[in-house]
Amino acid sequence: MAKDFERLANTMDMPPPTPQPNVYPLSWHSHTKKLEEIYAAAQRENWDPAKLPWDTFDPSKYSWEERECIAYWWTLLSVFDASAPPVFAEALIKTYEVHEEDPVRRCFFSVTRDEQNHEQLCGLSITKLLEHPDPLTYEPKTELGKKLRRNAHWLYYNGGRYWNGYKQAVPKYPLAVLFSSFLMGEIAAATIFHQMAAQSREPVFQAAFKNVGRDEGRHMAICMSVMERDYPKLPPEEKSIITKQIRAGYLFLSAVLFEPPADFWDLPEDFIPVQREAEEVARKAGFGIPTYEMKKENWRNAMLNLKGVLDKYGIPFPAIPEVGITGEEIRDIDMDEIIPVF
């Protein structure tokens, strides 16, 4: 028998309003033409990681140390890109709960789908390189591989802390705040993947990075379109939240786009030296990981580009001294409630 509930249908002609936030009632308003165009592009440009030219890739021609080092980079990426489907799924649900216009919801669905492709790409690459489906239970063949497995465990531990904070943060913030944090990762990601497409030797990785870079550029356009729509009417209190979130985003995303700062990442003292050693091995093997200086320049340019966007709307930019950017000093970040994604 169904659980008892208050029956209203026989007491009134029309039902009362649905308590909000709730995905009901549904509507299909469309006001932002640019978002319709972006969604149409997402439909045209969808791709399947399994159909990349994997037949051209022979991991056995690499040494086990090279394989473990390249797989480690995919593992590092997976902390961010492979966790993105649930991250964007949470945001997609929020777009329904706050009754965003239809093309915003569809665009966020497309981002969630894209990130599922990126997750599958990480999994395929790791599995083919290591002949094992995950980097944590894999038994390393080399001494450097053993150190990298330890690094991977610490990366996933920190990623779990982020996920718990993200789930707490998303309901608290309006979409205007969320979009600024999303945009931050997309600006930098589009750059790094295009670089890796140009610098990687393997055709399958060239094709993969080209597709991922195109996806990230489209995600950036989604965020920009919503910001252009919403930011002219942003209240002052939300502007200050965005400033803090940008600083938090720098600290979080630096682990994949630069190097992990101690402000957020709880890592062993030898973590960065081990990672640098692995990156150099991977680069010499023809896998196009940017050098330290290239990463730093990428991050600086991404921050300056984001600053240019926020300056237009009078949103103070935080100081990012690590890459030589001055701005508002942020000292009271709650790192358990950060919302940037990659």
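For clarity, every value in this text was computed on a predicted model and none was experimentally measured.

### Notes on empty space enclosed by the protein
Counted by the stated rule, this structure contains 5 cavities of 30 Å³ or more. Volume-wise, the largest cavity comes out at about 100 Å³. Along the walls of the largest cavity sit Glu-68, Ala-71, Tyr-72, Thr-75, Leu-130, Pro-135, Tyr-138, Gly-145, Leu-148, Arg-149 and Ala-152, which together make up its complete lining. Of the residues in the lining of the largest cavity, the class split is 7 nonpolar, 2 polar and 2 charged.

### Structural notes on the state of the cysteines
Under the defined criterion, the tally for this structure stands at 0 disulfides. No disulfide involves Cys-107; its sulfur sits 9.9 Å from the nearest other cysteine sulfur, which is in Cys-223. For Cys-122, which is in no disulfide, the shortest distance to another cysteine sulfur is to Cys-69 and amounts to 17 Å. Note on Cys-122: relative accessible area 2%, which makes it buried.

### Some words on the confidence of the model for the protein
Summing up the model confidence of the protein, the mean pLDDT is 91 and the portion of residues at 70 or higher is 96%. Of all the helices and strands in the protein, helix 6 (residues 175-199) carries the lowest mean pLDDT, 83, while helix 9 (residues 271-284) carries the highest, 98.

### Concerning the side chain of Ser-200
Along the chain, Ser-200 turns up in the loop between helix 6 and helix 7 (203-230). Within the structure, the side chain of Ser-200 is placed 3.0 Å from the backbone nitrogen of Gly-288, a separation counted as a polar contact. Apart from the residues lying within four places of it in its own chain, the contact partners of Ser-200 are Phe-205, Gln-206, Phe-209, Gly-286, Phe-287 and Gly-288.

### A closer look at the nonpolar core
Trp-74, Phe-287 and Trp-299 are the most contacted members of the largest nonpolar core, which has 99 residues in total. Counting residues per element, this core draws most heavily on helix 6, which supplies 15 residues. Every residue in contact with Phe-287, bar those within four places of it in the chain, is listed here: Ile-70, Trp-73, Trp-74, Met-196, Ser-200, Phe-205, Phe-209 and Ala-282.

Calculation criteria
Residues numbered from 1 in each chain as written. Predicted model: local features only at pLDDT ≥ 70, side-chain atom pairs only at ≥ 80, totals over all residues. Heavy atoms only, no water. 1 Å grid on protein atoms, 1.4 Å probe; cavity = no way out; pocket = protein on both sides within 12 Å on 5 of 7 lines; lining within 4 Å. Points joined across faces, edges and corners; volume = space filled by probe spheres on them. Nonpolar A, V, L, I, M, F, W, Y, C, P; charged D, E, K, R; others polar. Disulfide = S-S within 2.5 Å. Buried < 20%, exposed > 50% of the residue type's maximum accessible area, 1.4 Å probe, protein only. pLDDT = per-residue confidence, 0-100. Helix = DSSP H or I, 4+ residues; strand = E, 2+ residues; numbered from the N terminus. Polar contact = N/O pair within 3.5 Å; in protein donor to acceptor, adjacent residues only side chain to side chain. Contact = heavy atoms within 4.5 Å. Core = buried A, V, L, I, M, F, W, Y, C linked by side-chain atoms within 4.5 Å.

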